[in-house]
Amino acid sequence: MFTRAIVRPPSENFADGLTTSVNLGRPDFAMALTQHEAYCRALETCDLRLVRLEADEEYPDATFVEDTAVLTEKAAILTLPGEQSRRGEVGSIEKALAEFYPDITRVGGRSGDTSEKPVETATLDGGDVCEAGEHFFIGVSARTNRSGAEQLARVVGEFGYTSSLVDMRASPRILHLKSGIAYLDDNRLVLIDELAERQEFSEYEHVRITAREEYAANCVRVNEHVLVAAGHPNFEGTLRRLGYRTIAIEMSEFQKMDGGLSCLSLRF
Ligand code: CIR
């Protein structure tokens, strides 16, 4: 059960953020704010109390709070985002988390740099981390490098979780691991076609999504509901047939900035 979520509305210069894998035009700020507010209301419908941070013009991507931390029942782990322009987002998240977690861990940066050869700076984006019960899938992507993924694997291991790395670098179309998978509980994983055959996921029941509705793979199970991007009727129907209560949320303006539904909140 989640009880809270951290959210941050988009800032006025939100359109100046990064876009790597989409070319859908500039987002409309007023519409993004409206969509964000509806997203917040949906989280409240799922019985979450919200920690609402202020918009931050210094970091146009700061509304995508999920990339800055990995939260579990036992641990709060701050990340070092792969893109330099996003690293300053972590500080305000750390402050917000301090009220709820007595110990906060950090991954990323240079560690074990004992040789003359420089060690790569370990980076990690929360969007590459999919918690599936007691197991973590950690994507190695353009944002999360192998050192960052291995550091996280070690840290979650110390808290008693297992993990496996999923190398996504051959799929540059997918920004983060969670752009293509989501865990629904009940041993079920939502998977886009491109990832469905990978042996890492073979022990799970697969919930498939068609290529046309791929964006909706980034859905979020929150307590008794599944939040899903609006405009993906086949996938929403699949979820309902499986017995899930869905809440559809308009995400168009965030999609233009490469953002999925999960990345607008940190749930804990
Ligand atoms: C970025 O490229 O970093 C942002 N414009 C979007 C980040 C989306 N994060 C996510 O899906 N976890």
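See the structure above.
Criteria and thresholds
- Residues numbered from 1 in each chain as written.
- Predicted model: local features only at pLDDT ≥ 70, side-chain atom pairs only at ≥ 80, totals over all residues.
- Heavy atoms only, no water.
- Pairing = 2+ DSSP bridges.
- Helix = DSSP H or I, 4+ residues; strand = E, 2+ residues; numbered from the N terminus.
- Right-handed = clockwise from strand over helix to strand, strands pointing away.
- Buried < 20%, exposed > 50% of the residue type's maximum accessible area, 1.4 Å probe, protein only.
- Axes fitted to C-alpha atoms, helices over the stretch in contact; angles between N-to-C directions.
- Contact = heavy atoms within 4.5 Å.
- Polar contact = N/O pair within 3.5 Å; in protein donor to acceptor, adjacent residues only side chain to side chain.
- 1 Å grid on protein atoms, 1.4 Å probe; cavity = no way out; pocket = protein on both sides within 12 Å on 5 of 7 lines; lining within 4 Å.
- Points joined across faces, edges and corners; volume = space filled by probe spheres on them.
- Nonpolar A, V, L, I, M, F, W, Y, C, P; charged D, E, K, R; others polar.

(A) How the structure looks around the pairing of strand S1 (residues 4-7). Of the pairings in the sheet, the one linking S1 to strand S2 (residues 49-52) comprises 4 bridges and is parallel in character. Residue pairing in the sheet places Ala 5 in a bridge with Leu 50 of S2. Traced from S1 through helix H1 (residues 29-45) to S2, the parallel crossover comes out right-handed. Looking at chain direction, S1 and strand S15 (residues 266-267) are connected through 2 bridges and run antiparallel. The residue bridging Ile 6 from the neighbouring strand is Leu 266, located in S15.

(B) Expanded view of the pairing of strand S10 (residues 188-192). Within S10, 5 of the 5 residues are buried, which leaves it mostly tucked inside the rest of the structure. In S10, alternate side chains face the same way, and those of Arg 188, Val 190 and Ile 192 on one face and Leu 189 and Leu 191 on the other are all buried. With 4 bridges joining them, strand S9 (residues 181-185) and S10 adopt antiparallel strand pairing. Note that in S10 the partner of Tyr 183 across the bridge is Leu 189. Counted between consecutive antiparallel strands, the loop separating S9 from S10 contains 2 residues, among which Asp 186 sits at a positive phi close to 55°. As defined by bridge partners, S10 adjoins strand S11 (residues 205-209) across 5 bridges and the pair is classed as parallel. Its bridge partner being in S11, Leu 191 is matched across the sheet by Arg 208.

(C) Region of interest: the sheet that holds S11. Strand order in the open sheet formed by 3 strands is S9-S10-S11, with mixed pairing between adjacent strands. Both outer strands of the open sheet, S9 and S11, are each paired with one neighbouring strand and no more. The sheet shows a mean angle of 25° between the axes of neighbouring strands, taken without regard to direction. Contacting S9, S10 and S11, helix H5 (residues 233-241) crosses the sheet at an angle of about 155° to S11.

(D) Looking closely at the environment of Tyr 101. Here Tyr 101 is to be found in the loop between helix H2 (90-98) and strand S5 (104-106). With a relative accessible area of 9%, Tyr 101 lands in the buried category. Setting aside residues no more than four positions away along its own chain, Tyr 101 makes contact with Leu 71, Thr 72, Ala 75, Ala 76 and Phe 268. At 3.0 Å, the side chain of Tyr 101 forms a polar contact with the backbone oxygen of Thr 72.

(E) Local environment of the layout of surface pockets. Here the largest pocket defines a volume of roughly 880 Å³. Around the largest pocket, the lining comprises 31 residues; the ones closest to its centre are Phe 2, Leu 71, Glu 131, Arg 221 and Arg 267. Those elements giving two or more residues to the lining of the largest pocket turn out to be strand S3 (69-71), strand S6 (129-132), S9, strand S12 (220-222) and S15. Each residue belonging to the lining of the largest pocket can be placed in one class, and the counts come to 17 nonpolar, 5 polar and 9 charged. Considered as a void within the structure, the second largest pocket measures approximately 510 Å³ in volume. Lining the second largest pocket are 28 residues; nearest its centre among them are Ser 21, Leu 175, Ser 179, Tyr 215 and Asp 258.

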